[in-house]
Amino acid sequence: MAQNLSDFSMEKLVLPSNGGSAGRRRSNSWTLHDPTGFDDIHDEDGPPCPLASKLTNQRWHEIGNSPDQSICSTSNFDVMVEQLAAVMGMHLLELLLYWLRPKDDDGTKKEVITDVLEYLEIDPNIGNYVLTTSIKNSIRDYVAEIGKLYKDVGFHSLEHAIHVTMSMNKLLSMVSDSHHQVSKSFENDGEGHNCGSPRRVAQSYGIDDPRIKFAMFFSALIHDVGHTGVPNSVLVEEEDELAILHNDVSVAEQNSLNIAFSLLHAPQFARLKHCIGPNPTQRKFFRKRVIASVMVTDISDQERIQIVKSRWETAFPPVEDEEKNQTERRQAR
C-alpha cells in the first residue's frame with residue numbers, strides 16, 4: 001500500500017503511483033486547515049468540504065452559529081458524535097503521519113514508527129493518505145460511547161463537552177496557523193541575516209506538536225465524562241463513594257480520567273489505542289499530558305492553580321519584564 005519509509009522526508013511526501021494522482025507531491029504541512037489533502041476553497045464542481053475542515057474553519061465568534069446544520073450547535077446526539085468524530089479523525093491522521101516522519105519540524109531526528117501504516121490508505125481522488133474505514137469506525141464508536149457516559153445534568157453534559165472541544169480545536173488551529181505564518185515571515189533575508197526574533201518563531205511553545213494537539217483535543221472531549229453535576233466539595237462533604245475512591249482529591253476529574261482511559265483500554269479499541277500511542281513510551285507521554293490537562297480543570301485546587309499561574313507567567317512574562325530581559329541579554333554580549 002505505502003512506499004518504503006526511506007522515501008519520507010521533512011520536505012516532501014511522495015505518494016505511490018496509483019490512479020490519476022500518481023506521483024503527486026504534497027508539502028509536509030499537516031496543519032488543521034487542510035487535513036485531508038485539499039483546501040476548503042474550491043469550485044462548485046470541486047470536491048465537497050470535509051466536515052472536520054468546515055468545523056475548524058469557522059470564525060471564533062461564529063463557532064456553532066452557522067446556518068449549515070452539519071456544523072451548527074445541536075442537542076442531537078448523532079450529529080454531535082459525527083462532529084466530534086470528524087475532528088478527532090483529523091487530529092489522528094496528523095498524528096499518524098507524524099509517526100512516519102524521520103524528523104520533527106525543527107529538524108531534530110525522531111523515532112519512525114512504521115507499523116501505523118496499516119491504519120492508512122491512499123485516497124486516489126485526492127492523492128493523499130486518509131484513515132482506513134476501520135479506524136474511522138473505531139473513532140466514531142469511541143466518541144459515541146463517551147457521549148453515552150456523559151450524564152444528563154445541568155451543565156457538565158455532552159453539549160458542554162462539544163462546546164469546549166470545538167473551542168479547543170479552533171484554538172489549536174489558530175496557534176498552529178499563527179506559528180507557521182510567523183515562522184515564514186521571519187525567515188532569513190537572503191543574505192544570511194535572520195529577520196526576526198527566535199522567540200517569536202517558536203511562539204507555539206510546543207503546541208504545534210501533533211502529539212500535544214491530539215492530547216489536548218482528547219482531554220477536552222473527555223474532561224467531564226461521568227460528571228454527576230455535584231461539585232467536588234459536596235462529594236467530599238457527603239463522603240460520596242467517588243470521593244472515597246479518589247481520596248477527596250479532584251474527585252470528578254479523576255473519575256472522568258478513569259472512565260476515558262478504561263474505555264480506551266477495552267479490547268474493541270485496541271487498534272485506536274495503538275494509533276494514539278504505538279509503544280509504551282508514547283502511551284505514557286499521551287497519558288501524562290491528558291491527566292495534567294484534565295486535572296487542571298479542578299479550579300478548587302488552589303495549589304494546582306498557583307502552579308499553572310507560575311508556569312503561565314514564565315512562558316508569557318509581562319511586556320516590561322520581557323523588555324528588561326532583552327536589555328540584559330544585549331548588555332551581556
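Residues numbered from 1 in each chain as written. Predicted model: local features only at pLDDT ≥ 70, side-chain atom pairs only at ≥ 80, totals over all residues. Heavy atoms only, no water.

**Things to note about a negative patch on the surface**
Part 1 of the argument: Taken together, the side chains of Glu-237, Glu-238, Glu-239 and Asp-248 define an acidic patch exposed on the protein surface.
Part 2 of the argument: Exposure remark for Glu-237: the relative accessible area of 67% places this residue in the exposed category. (Patch = residues over 30% accessible without salt bridge, like charges linked within 9 Å, V, L, I, M, F, W, Y side chains within 5 Å. Areas by Shrake-Rupley, 256 points an atom, 1.4 Å probe, with all protein chains shown as cover. Salt bridge = Lys/Arg side-chain N within 4 Å of Asp/Glu carboxyl O. Lys, Arg positive; Asp, Glu negative; His and termini not counted. Charge placed at Lys NZ, Arg CZ, Asp CG, Glu CD. Buried < 20%, exposed > 50% of the residue type's maximum accessible area, 1.4 Å probe, protein only.)

**Considerations on a nonpolar patch on the surface**
Part 1 of the argument: A cluster of nonpolar side chains, Trp-60, Leu-171 and Met-174, forms an exposed patch at the surface whose accessible area comes to about 290 Å².
Part 2 of the argument: Relative to the helices and strands, Trp-60 resides in the loop between helix 1 (51–56) and helix 2 (77–100).
Part 3 of the argument: On the basis of relative accessibility, which here comes to 44%, the residue Trp-60 falls in the partly exposed class. (Helix = DSSP H or I, 4+ residues; strand = E, 2+ residues; numbered from the N terminus.)

**What to know about the environment of Glu-253**
Part 1 of the argument: Within the secondary structure layout, Glu-253 lies in helix 9 (residues 251–264).
Part 2 of the argument: The spatial distance from the C-alpha of Glu-253 to the C-alpha of His-223 is 6.8 Å, given a sequence separation of 30 residues.
Part 3 of the argument: Setting aside anything within four residues of it in sequence, one finds Glu-253 in contact with Asn-232, Val-294, Met-295, Thr-297 and Asp-298.
Part 4 of the argument: There is a polar contact of 2.9 Å between the side chain of Glu-253 and the side chain of Asn-232. (Contact = heavy atoms within 4.5 Å. Polar contact = N/O pair within 3.5 Å; in protein donor to acceptor, adjacent residues only side chain to side chain.)

**Some remarks on the packing of aromatic side chains**
Part 1 of the argument: All told, the structure shown has 8 aromatic pairs when counted by the stated rule.
Part 2 of the argument: Ring geometry for Phe-218 versus Phe-286: centroids 5.1 Å apart, planes at 65°, classification edge-to-face. Pair noted here: Phe-218 is in helix 6 (residues 210–222) and Phe-286 is in helix 11 (residues 280–295), with a separation of 68 residues, a long-range link. For the pair formed by Phe-218 and Phe-286, the shared burial category is buried.
Part 3 of the argument: Above the ring of Phe-285, the side-chain terminus of Arg-211 is found at 4.1 Å from the ring centroid. (Phe/Tyr/Trp six-rings, centres within 6.5 Å; stacked < 30°, edge-to-face > 60°. Lys NZ or Arg CZ within 6 Å of the ring centre and 35° of its normal.)

**Comments concerning the nonpolar core**
Part 1 of the argument: By size, the foremost hydrophobic cluster in this structure holds 59 residues, and its most contacted members are Met-88, Leu-92, Tyr-142, Phe-218 and Ile-222.
Part 2 of the argument: Considering every element that reaches this core, the biggest residue donor is helix 2, with 15 residues.
Part 3 of the argument: With sequence-adjacent residues up to four places away left out, Ile-222 is seen in contact with Tyr-142, Ile-146, Tyr-150, Ser-256, Leu-257, Ala-260, Val-290 and Val-294. (Core = buried A, V, L, I, M, F, W, Y, C linked by side-chain atoms within 4.5 Å.)

**Thoughts on helix 6**
Part 1 of the argument: With 13 residues, helix 6 extends 18 Å from end C-alpha to end C-alpha; this agrees with the ideal 18 Å at 1.5 Å per step.
Part 2 of the argument: Burial in helix 6 covers these residues: Pro-210, Arg-211, Ile-212, Lys-213, Phe-214, Ala-215, Phe-217, Phe-218, Ser-219, Ala-220, Leu-221 and Ile-222. (Expected span 1.5 Å × (residues − 1).)

**Here we look at the side chain of Ser-157**
Part 1 of the argument: Considering the arrangement of structural elements, one finds Ser-157 in the loop between helix 3 (133–149) and helix 4 (158–185).
Part 2 of the argument: Note on Ser-157: relative accessible area 8%, which makes it buried.
Part 3 of the argument: Excluding residues that lie within four positions of it along the chain, Ser-157 makes contacts with Tyr-150 and Lys-151.

**Description of the packing of helix 6 against helix 11**
Part 1 of the argument: At a minimum axis distance of 9 Å, the contact between helix 6 and helix 11 shows a crossing angle of 45°. In terms of orientation, helix 6 and helix 11 fall into the oblique class. The two elements helix 6 and helix 11 cross, and the hand of that crossing is right-handed. From helix 6, Arg-211, Ile-212, Phe-214, Ala-215, Phe-218, Ser-219 and Ile-222 reach across to helix 11, where they touch Gln-282, Phe-285, Phe-286, Arg-289, Val-290, Ser-293 and Val-294.
Part 2 of the argument: Considering only residue class, the contact of helix 6 with helix 11 consists of 9 nonpolar, 3 polar and 2 charged. (Axes fitted to C-alpha atoms, helices over the stretch in contact; angles between N-to-C directions. Parallel < 35°, antiparallel > 145°, perpendicular 65-115°, else oblique. Left-handed = near helix turned anticlockwise from the far one by under 90°. Nonpolar A, V, L, I, M, F, W, Y, C, P; charged D, E, K, R; others polar.)

**What about the confidence of the model for the protein chain?**
Low-pLDDT portions of the prediction should not be read for the details of their coordinates.
Part 1 of the argument: For the protein chain, per-residue confidence averages 80 on the pLDDT scale, and 75% of positions sit at 70 or higher.
Part 2 of the argument: Low pLDDT (under 50) marks residues 1–47, which in the prediction has 102 contacts with non-local residues, meaning those over four places away or in another chain.
Part 3 of the argument: Contacts for the low-pLDDT stretch residues 182–202, under 50 throughout, to residues beyond four places or in other chains number 23 contacts. (pLDDT = per-residue confidence, 0-100.)

**Notes on the pairing of strand 4 (residues 128–131)**
Part 1 of the argument: Because side chains alternate across strand 4, one face comprises the buried residues Asn-128 and Val-130, and the other comprises Tyr-129 and Leu-131, equally buried.
Part 2 of the argument: The pairing of strand 3 (residues 120–123) with strand 4 spans 4 bridges and is antiparallel. Bridged to Asp-123 within strand 4 is Asn-128.
Part 3 of the argument: Between the end of strand 3 and the start of strand 4, which pair antiparallel, lie 4 residues, with Gly-127 showing a positive phi angle near 65°. (Pairing = 2+ DSSP bridges.)

**Some remarks on helix 9**
Part 1 of the argument: In this model, helix 9 (14 residues) spans 20 Å end to end at C-alpha, consistent with the 20 Å of a helix rising 1.5 Å per residue.
Part 2 of the argument: In terms of residue burial, helix 9 counts as a mostly covered element, since 10 of its 14 residues are buried.
Part 3 of the argument: For helix 9, the set of buried residues is Val-251, Ala-252, Glu-253, Asn-255, Ser-256, Leu-257, Ala-260, Phe-261, Leu-263 and Leu-264.
Part 4 of the argument: Looking at the packing, one finds that the buried side of helix 9 touches helix 3, helix 6, helix 7 (232–237), helix 8 (241–245), helix 10 (270–276) and helix 11.

**Some remarks on the packing of helix 2 against helix 3**
Part 1 of the argument: Two numbers describe how helix 2 lies on helix 3: the axes approach to 9 Å, and their chain directions differ by 130°. Between helix 2 and helix 3, the crossing angle belongs to the class labelled oblique. In this structure, the crossing between helix 2 and helix 3 has a hand that is right-handed. Residues Phe-77, Val-81, Glu-82, Leu-84, Ala-85, Met-88, Gly-89 and Leu-92 of helix 2 form the contact with helix 3, whose own contacting residues are Ile-135, Ile-139, Arg-140, Tyr-142, Val-143, Ala-144, Gly-147 and Lys-148.
Part 2 of the argument: Looking at side-chain class alone, the contact of helix 2 with helix 3 contains 11 nonpolar, 2 polar and 3 charged residues.

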